[in-house]
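Overview (structure and organization)
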Amino acid sequence: MAGTRPLTPNERTTLDTLLAADFPGAAELRAQAPTARVTSRCGCGCPTIDLEVDETTPSAPLKNSVAIEADAPGGGLIVFVDDGRLSCLEYWTTADEPPAEFPPAGKIVL
């Protein structure tokens, strides 16, 4: 996992909040989450991050898809999965200026 970094507390809280929901593959993705590391961040200034996880963790029954979506101030959050593994945590927005950080957990509506 060279060239990666740990999730910030804000990123970790956002990911954990989304994965707390009940959806197909949630248990496997929750098992992967503690091993998640950031491989890159969106260049536009928003907090969207690409993720990689330990390959020895259980694979979710989802292939290349959206695992879960939630509403957030001015837009929404999406957890993406590639080949059953966490791959991206996205914060999309309709605001002219993208937010620099993920919203507080209390502002996320599952």
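Refer to the structure presented above.
Below, the structure is looked at part by part. Model, not experiment: these values are computed from the prediction.

**Some points on the sheet that holds strand E3 (residues 49–52)**
Overall, antiparallel pairing links the six strands, which are arranged E1-E2-E3-E6-E5-E4 in an open sheet. Strands with a single pairing partner mark the edges of an open sheet, and in this sheet they are strand E1 (5–6) and strand E4 (65–72). For E4 and strand E5 (residues 75–82), the ladder comprises seven bridges, and the chain directions are antiparallel. Residue pairing across strands places Ala 72 opposite Gly 75, the latter belonging to E5. Strand contacts of helix H1 (residues 9–19): E1, strand E2 (37–41), E3, E4, E5 and strand E6 (85–93), with the helix running at about 105° to E6, the strand carrying the most contacts.

**Looking at the packing of aromatic side chains**
In the structure shown here, the tally under the stated rule is one aromatic pair. The interplanar angle of 15° and the centroid separation of 6.2 Å between the aromatic rings of Tyr 91 and Phe 102 together place this pair among those described as stacked. Taken as a pair, Tyr 91 in strand E6 and Phe 102 in the segment after E6 lie far apart in primary sequence, eleven residues in all. The residues Tyr 91 and Phe 102 share a single accessibility class, namely buried.

**Here we look at the pairing of E3**
For a regular strand, side chains alternate in direction, first toward one face of the sheet and then toward the other. Here E3 shows a buried face lined by Ile 49 and Leu 51 and an unburied face lined by Asp 50 and Glu 52. Sheet analysis places E2 next to E3, joined by four bridges and oriented antiparallel. By the bridge assignment for E3, Val 38 is matched with Leu 51. Note: E3 against E6, two bridges, orientation antiparallel. When the bridges of E6 are listed, Asp 50 appears paired with Cys 88.

Each value, and the rule that gives it
Residues numbered from 1 in each chain as written. Predicted model: local features only at pLDDT ≥ 70, side-chain atom pairs only at ≥ 80, totals over all residues. Heavy atoms only, no water. Pairing = 2+ DSSP bridges. Helix = DSSP H or I, 4+ residues; strand = E, 2+ residues; numbered from the N terminus. Contact = heavy atoms within 4.5 Å. Axes fitted to C-alpha atoms, helices over the stretch in contact; angles between N-to-C directions. Phe/Tyr/Trp six-rings, centres within 6.5 Å; stacked < 30°, edge-to-face > 60°. Buried < 20%, exposed > 50% of the residue type's maximum accessible area, 1.4 Å probe, protein only.

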